[in-house]
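Summary of structural features
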Amino acid sequence: MKKPLRVLALVDEDLVPPDDTEGIDTVNAPWKTEFDVIETLREEGHEVRALGIGAELAPIRRAIDEFKPRIAFNLMEVFDNVASFDHNVVAYLELLRLPYTGCNSRGLVLARDKSISKKILHYHRIGVAAFEVFPRGRRVRRPRRLRFPLIVKSLTLDASLGISQASVVEDEDRLIERVRFVHESLQTDALVEEYIEGRELYVGLLGNRRLQVLPVWELDFSGMPGESHKIATERLKWSLSYQKRHRIMTGAAKDLPDDVRKHIVSVCKRVYRHLALSGYARIDLRLREDGRVFVMEANPNPQLAYGEDFAESAEKAGLDYGPLLDRIMALGLRWETRRLG
Ligand SMILES: Nc1ncnc2c1ncn2[C@@H]1O[C@H](COP(=O)(O)OP(=O)(O)O)[C@@H](O)[C@H]1O
Ligand SMILES: [Mg+2]
């Protein structure tokens, strides 16, 4: 049995699981992830206090003084409703010298901006789709260097927000329309990339310096109607009924040639290091038919609910949910000593 720790779980203020869950459907609750993590840590013997965070940092400071946690378990998705403020909160924990789980503030900044991260990866000769950024408030012009079909996404939002079949465009008119949609409806700059046709792979990693790569996971599109683009749209990602209807499933990638698998593992480790990630992360990739691998994005602090891709692939590697959370905390504790040393 590991040493029990005092753990401060940082969660969004709307996602604090209730103390008493009797009679509540915890599997479909919006706070399922938070509940899974907190309950499991308690089962592992840790003393956990959940702290809901809105737009104030002072409660963190107070909880540290009163509760004296050994580590913060970072489950925050937003601060003051802004997802890209995540690194500021982690930077605050760094200033307070409180160890935390997951990614450090620098890695969060680098991975959040898909343009910055792809520039870094390209410099290191890692395959990424050719792209251009279309900032808000500027005229939308035809991208000269890019070849259709293109995919239009938000530069900074994640979780497939704003991604639909209409995100893939074949001509200039549709491109301009979709860039405007990103600017106006999502209120962010737009990222336009060459569309990569291929298998969609997700790879989980754990570690700070030495990295453990979890089994390659695949989103299987084969049940989707033939004419639609095989992409992880917002609907596909979040609608259970849509997933059921089209038999969309994720699981260990089958029939990957050994050399391709090895190449993917090596690419993912390099991405993790070049983007200064720590703790745990998931890299999203596309594997083209000719065997070329393209990195779509790196996701620090990926979704950690029980039964979701990251935990499933860890389990496949022999790391059950409780030990997985313990490992993530051990990595958080170790990162602190190295950083302050
Ligand atoms: N260049 C691309 N070529 C083909 N499909 C893409 C490309 N970029 C994104 N996609 C599709 O859109 C989905 C979401 O894109 P991603 O960059 O991972 O954004 P998010 O942060 O929302 O997950 C991907 O999972 C993939 O299916
Ligand atoms: Mg993604």
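You'll find the structure just up there.
These remarks concern the structure in this document. Quick caveat, the model's predicted, so the values are computed rather than measured. (Residues numbered from 1 in each chain as written. Chains lettered and ligands numbered in written order. Predicted model: local features only at pLDDT ≥ 70, side-chain atom pairs only at ≥ 80, totals over all residues.)

**Things to note about the sheet that holds strand S4 (residues 131–134)**
Across the sheet, which stays open at both edges, the four strands sit in the order S4-S7-S5-S6 with antiparallel pairing between neighbours. The open sheet has two edge strands with one neighbour each: S4 and strand S6 (168–169). When strand S5 (residues 150–154) meets S6, the two strands line up antiparallel, connected through two bridges. Residue pairing in the sheet places isoleucine 151 in a bridge with valine 168 of S6. Across the sheet, helix H6 (residues 172–186) is in contact with S4, S5, S6 and strand S7 (190–194); its angle to S5 comes to roughly 10°. (Pairing = 2+ DSSP bridges. Helix = DSSP H or I, 4+ residues; strand = E, 2+ residues; numbered from the N terminus. Contact = placed C-beta atoms within 7 Å. Axes fitted to C-alpha atoms, helices over the stretch in contact; angles between N-to-C directions.)

**Observations regarding the site of ligand 1**
Contacts to ligand 1 come from 17 residues, most closely from Ala129, Asp158, Ile196, Ile231 and Ala232. Of all the secondary structure elements, the ones that give two or more residues to the shell around ligand 1 are S5, strand S12 (279–287) and strand S13 (293–300). Here the residues of the shell around ligand 1 sort into nine nonpolar, one polar and seven charged. Mapping the shell around ligand 1 onto the domain boundaries places at least three of its residues in each of domain 2 (129–194) and domain 3 (197–340). (Near = placed C-beta within 6 Å. Nonpolar A, V, L, I, M, F, W, Y, C, P; charged D, E, K, R; others polar. Domains from an automatic or database assignment.)

**Looking at the pairing of S12**
Counted residue by residue, S12 has eight buried out of nine residues, so it is predominantly covered. Pairing geometry for strand S8 (residues 199–207) and S12, over nine bridges, is antiparallel. The partner of glycine 207 across the bridge, within S12, is glycine 279. (Buried ≥ 20, exposed ≤ 12 C-beta atoms within 10 Å, placed from the backbone.)

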